[in-house]
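# Secondary and tertiary structure notes
For reference, the chains in residue letters:
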Amino acid sequence: MSIPDADHERYVERAIELAREAGDRGDGPYGSLLVRDDEVVVEETNREESDDDLALHPELTLARRAGRELTADERERTVMYTSTEPCPMCAAGIAYAGLGGVVYSVSGAVTAETFDGPPGIPCEEVFERLGREIPVEGGVLEADGLAVHERYR
């Protein structure tokens, strides 16, 4: 299983724009979108602070929405593009939703190293532990993704 050929940079750039929107609003700087057949299906920003709900990470919000609104076949053909590697909570949601792949800008390991935070668990490891084969591609426009974290730190 592999991620379909697409303009990964274009979609990650949009995820980073969404992360800036969240940061400007006072939420953590995270943004994500779902893409199927080279078209954006839906977008989301982090809303933890503005909606006072610690689970409103954009990745989990989109995974839940995909589970409700898309067929299993549609979910399997849908790729999540996100500004930062999904945390374990979000990765579990992605796995249970059965999305077809994840493309991210900056990894959890890089953000942890840069900002002296906990290393977390890579999303690929979460997928593997849950018995899901979900392809992952990271490091797309990594400097841009890291700059968003630096701006809103």
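Counting of residues starts from 1 at the beginning of each chain's written sequence and follows it residue by residue. Local features are withheld for residues below a pLDDT of 70 in this predicted model, meaning they are given only at 70 or higher, and side-chain atom pairs are given and counted only at 80 or more; totals for whole chains, interfaces and linings count all residues. Hydrogens are left out, water is left out, and the side-chain values use all remaining heavy atoms of the structure.

## Looking at the overall build of the protein chain
Strands here mean DSSP runs of E at least two residues long; helices mean DSSP runs of H or I at least four residues long; both are numbered from the N terminus. Counting its secondary structure elements, the protein chain contains 7 helices and 5 strands. Listed by position from the N terminus, the elements making up the protein chain come as α-β-β-α-α-β-α-β-α-α-β-α. Throughout, radius of gyration means the C-alpha value; the globule benchmark is 2.2 Å times the number of residues raised to the power 0.38. Here the protein chain has a C-alpha radius of gyration of 14 Å; the compact-globule value for 153 residues is 15 Å, and the two agree. Oriented by its inertia axes, the alpha-carbon framework of the protein chain measures out at about 40 × 30 × 25 Å. Relative to its full complement of 153 residues, the protein chain shows a buried share of 47%. Taking as baseline every contact in the protein chain between residues at least 6 positions apart, the subset at least 24 positions apart corresponds to 63%. Neither His nor the chain ends contribute to the count of charged residues, in which Lys and Arg are positive and Asp and Glu negative. We put the charge of a Lys on NZ, of an Arg on CZ, of an Asp on CG and of a Glu on CD. The averaged location of the 34 negative side-chain charges in the protein chain is 5 Å from the averaged location of its 15 positive side-chain charges. Whether a residue is buried, partly exposed or exposed follows from its accessible area with a 1.4 Å probe, protein chains only, as a fraction of its type maximum: under 20%, in between, or over 50%, in that order. Contacts between residues were defined by any pair of non-hydrogen atoms, one from each residue, lying within 4.5 Å.

## A few points about the pairing of strand 2 (residues 39-45)
Put simply, side chains in a regular strand alternate between the two faces of the sheet. Whether two strands pair depends on DSSP finding at least two bridges between them. Note that strand 1 (residues 31-36) and strand 2 share 6 bridges and pair antiparallel. Counterpart to Gly31 in the pairing with strand 2 is Thr45. Once strand 1 ends, the chain turns through 2 residues before running back antiparallel as strand 2, passing Asp37 with a positive phi of about 55 degrees.

## A closer look at the packing of helix 5 (residues 108-115) against helix 7 (residues 142-151)
Axis definition: a line fitted to C-alpha atoms, limited for helices to the stretch in contact. Angles are taken between N-to-C directions and run from 0 to 180 degrees. Between helix 5 and helix 7, the shortest axis-to-axis distance is 11 Å and the interhelical angle comes to 45 degrees. The pairing of helix 5 with helix 7 is recorded here as oblique in orientation. Remark: the crossing between helix 5 and helix 7 carries right-handed chirality. Facing helix 5, whose interface residues are Val110, Thr111, Thr114 and Phe115, helix 7 presents Glu142, Leu146, His149 and Glu150. Reported orientations rely on four angle classes, namely roughly parallel under 35 degrees, roughly antiparallel over 145, roughly perpendicular from 65 to 115, and oblique for the rest. A clockwise turn of the near helix away from the far one marks a right-handed crossing, whereas an anticlockwise turn of less than a right angle marks a left-handed crossing.

## Side note on the side chain of Ser105
Topologically, Ser105 is positioned in strand 4 (residues 101-106). Counted as a polar contact is a pair of N or O atoms within 3.5 Å, where, for protein atoms, one must be capable of donating a hydrogen and the other of accepting one, and residues adjacent in sequence contribute only when both atoms are in side chains. Engagement of the side chain of Ser105 in a polar contact is seen with the backbone nitrogen of Gly145, the distance being 3.5 Å. Beyond its immediate chain neighbours, meaning those up to four positions away, Ser105 contacts Val12, Ile16, Thr82, Ser83, Gly138, Gly139, Val140, Leu141, Glu142 and Gly145.

## So, the sheet that holds strand 5 (residues 136-137)
Neighbouring strands of a sheet are bound in pairs by backbone hydrogen bonds; such pairs are parallel or else antiparallel. Spatially, 5 strands are ordered 2-1-3-4-5 in an open sheet, and the strand pairing comes out mixed. Strand pairing shows two members of the sheet lacking a second neighbour, strand 2 and strand 5, which therefore form its edges. Two strands pair when backbone bridges link them, and strand 1 and strand 3 (residues 78-84) are joined in this way by 5 bridges, in the antiparallel orientation. Bridging across to strand 3, Ser32 finds its partner in Thr82. Strand contacts of helix 1 (residues 8-25): strand 1, strand 2, strand 3, strand 4 and strand 5, with the helix running at about 150 degrees to strand 1, the strand carrying the most contacts.

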